[in-house]
Amino acid sequence: MKVWKGVCIFIAQVLLFATTSVSAQNNSLPAVYRQISALADQYKKEKGVKMMICHDGFKLQTVKVMLRKEFGKEFVDNIKAFAIIFYGETESSVAEKIVAEIGEITTPLQKINIDSQLRPGAKGSGYVRLSEDGQILTDLLIVTELPSPKLIYFGGNFKPDKVQYKR
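Trainee: I would appreciate a short explanation of the packing of aromatic side chains in the present structure.
Mentor: Where two aromatic rings form a pair, the distance of their centres and the angle of their planes describe that pair. Per the stated rule, a full pass over the model turns up 4 aromatic pairs. For the ring pair Y33 and Y153, a centre distance of 6.3 Å and an interplane angle of 35° mean the geometry is tilted. Residue Y33 is located in helix α2 (residues 29-43), and its partner Y153 is located in strand β6 (residues 150-158); the two are separated by 120 residues in the primary sequence. Ring geometry for F82 against F154: centres 5.1 Å apart, planes inclined by 65°, an arrangement best described as edge-to-face. One end of the pair, F82, is in strand β2 (residues 79-86); the other, F154, is in strand β6, and 72 residues separate them in sequence. F82 sits in the buried class, given a relative accessible area of 0%. Three or more aromatic residues joined by ring pairs form one cluster here, namely F75, F82, F154 and F158.

Take a look at the structure:
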């Protein structure tokens, strides 16, 4: 639960940061989610790769329940897809392939600097996609290298200026 709270805080900070540093882009949520789902399917049987991917049903409702306290009902109700893939405990050759595929997924997204939101000693990158009019955040992808390599994805229709972390 402690790790989950840290992930929640981190995501809230990135969403708030993204509102001031991104421009509108023309792609929709389903493309990024499908790419992440394909990545997960490809590596789900690899030893040391752990994941949770969801876009409806019980899993997504569970994620929403877990996030509601941290982000509030308005944010949580707009989550349409979620993914988290941990790949730090797999063979280095598998991890390298995953990193390369993540690079392909993030290429059309806008990179944002998330260094100020990371804990000391952590290393990672954030990527976002906004709706064409720039008013709705449709994709948020966080890729960390240290302390643990992982990909965290949120898809939905978020008004970034409305996202607030609640203590």
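Trainee: Just checking my understanding: could you explain the nonpolar core for this structure?
Mentor: Here is a general trend for soluble globular proteins: nonpolar side chains tend to be buried in one another's company. Among the nonpolar cores identified, the biggest contains 23 residues, and I36, I85, L141 and Y153 are the most heavily contacted of them. Secondary structure elements with two or more residues in this core: α2, β2, α5 (92-106), β5 (137-146) and β6. In terms of residues, this core owes the most to one element, α2, which gives 6 residues. When near neighbours in sequence (up to four residues on either side) are disregarded, L141 contacts I36, I105, T106, L109, S125, G126, Y127, L151, I152 and Y153. In this structure, L60, F82, V128 and L137 belong to the second largest nonpolar core, which totals 21 residues.

Criteria and cut-off values
- Residues numbered from 1 in each chain as written.
- Predicted model: local features only at pLDDT ≥ 70, side-chain atom pairs only at ≥ 80, totals over all residues.
- Heavy atoms only, no water.
- Phe/Tyr/Trp six-rings, centres within 6.5 Å; stacked < 30°, edge-to-face > 60°.
- Helix = DSSP H or I, 4+ residues; strand = E, 2+ residues; numbered from the N terminus.
- Buried < 20%, exposed > 50% of the residue type's maximum accessible area, 1.4 Å probe, protein only.
- Core = buried A, V, L, I, M, F, W, Y, C linked by side-chain atoms within 4.5 Å.
- Contact = heavy atoms within 4.5 Å.

Limitation: the analysis is restricted to geometry and does not speak to function.
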